[in-house]
Amino acid sequence: MDIGAIVEQLDAEWDTNGFFDRVRNGDYDAERGRAVLAILRAISIRDQEMVPKRLVSLLWYLPSFLTWQTERIAEKGGDRAAYERFVAGVESALQEVLGVP
């Protein structure tokens, strides 16, 4: 998938009523979570390829943000275990896309 299209899709998920905005409000939707994981897994970056700053800004913050929301999801009656599996899936997808040190 085109990096520009991925940036647009991730930006939309951060907008009002996007997936991440809803998570911020304690509303975790597993189906939408799977769609976000599919977006992340569609990212393909070659070793020497330059990565747009906007993509980096959308990705680096995800693990911290999602972890911070765990209690909010639980407080709102969400499925904490399912949410934690989703967060682990995001971390795994980012490791696949970006690599590890």
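This report concerns the structure included in the present document.

Considerations on the overall build of the protein
Working step 1: Counting its regular elements, the protein contains 7 helices and 0 strands.
Working step 2: Taken from N to C terminus, the helices and strands of the protein fall in the order α-α-α-α-α-α-α.
Working step 3: At 13 Å, the protein has a C-alpha radius of gyration in line with the 13 Å of a compact globule built from 101 residues.
Working step 4: Oriented by its inertia axes, the alpha-carbon framework of the protein measures out at about 45 × 30 × 20 Å.
Working step 5: Expressed as a percentage of its 101 residues, the buried residues of the protein come to 38%.
Working step 6: The long-range share in the protein, meaning contacts at least 24 apart out of those at least 6 apart in sequence, stands at 64%.
Working step 7: A total of about 6200 Å² of accessible surface is found on the protein, and carbon and sulfur atoms cover 49% of it.
Working step 8: Here the protein contributes 12 positive and 17 negative side-chain charges, whose respective centroids are spaced 3 Å apart.

Quick look at the packing of aromatic side chains
Working step 1: Taken as a whole, this structure holds 13 aromatic pairs when the rule is applied.
Working step 2: Plain terms: the ring middles of Tyr28 and Phe86 are 5.6 Å apart, the flat faces sit at 40 degrees to each other, and that makes the pair tilted. Of this pair, Tyr28 sits in the loop between α2 (19-24) and α3 (30-41) while Phe86 sits in helix α7 (residues 80-98), placing them 58 residues apart in sequence.
Working step 3: A relative accessible area of 4% places Phe86 in the buried class.

Examining the nonpolar core
Soluble globular proteins: nonpolar side chains tend toward being buried together.
Working step 1: Ranked by size, the top nonpolar core spans 30 residues in total, and within it Leu40, Ile43, Leu55, Leu62, Leu66 and Phe86 carry the most contacts.
Working step 2: Counting residues per element, this core draws most heavily on α7, which supplies 8 residues.
Working step 3: Contact partners of Leu62, with chain neighbours within four places excluded, come to Trp14, Phe20, Leu40, Val90 and Leu94.

As for helix α4 (residues 53-60)
Working step 1: Of all the positions in α4, only Leu55, Leu58 and Leu59 are classed as buried. Buried residues of α4, viewed axially, fall in a sector of 95 degrees; they line one side. Opposite the buried face of α4, at more than 90 degrees from it, the exposed residues are Lys53 and Trp60.
Working step 2: The inward-facing, buried residues of α4 contact α1 (3-14), α3, α5 (62-68) and α7.

The rules we used
Residues numbered from 1 in each chain as written. Predicted model: local features only at pLDDT ≥ 70, side-chain atom pairs only at ≥ 80, totals over all residues. Heavy atoms only, no water. Helix = DSSP H or I, 4+ residues; strand = E, 2+ residues; numbered from the N terminus. Rg over C-alpha atoms; globule rule 2.2 N^0.38 Å. Buried < 20%, exposed > 50% of the residue type's maximum accessible area, 1.4 Å probe, protein only. Contact = heavy atoms within 4.5 Å. Areas by Shrake-Rupley, 256 points an atom, 1.4 Å probe, with all protein chains shown as cover. Lys, Arg positive; Asp, Glu negative; His and termini not counted. Charge placed at Lys NZ, Arg CZ, Asp CG, Glu CD. Phe/Tyr/Trp six-rings, centres within 6.5 Å; stacked < 30°, edge-to-face > 60°. Core = buried A, V, L, I, M, F, W, Y, C linked by side-chain atoms within 4.5 Å. Arc of directions from axis to C-beta.

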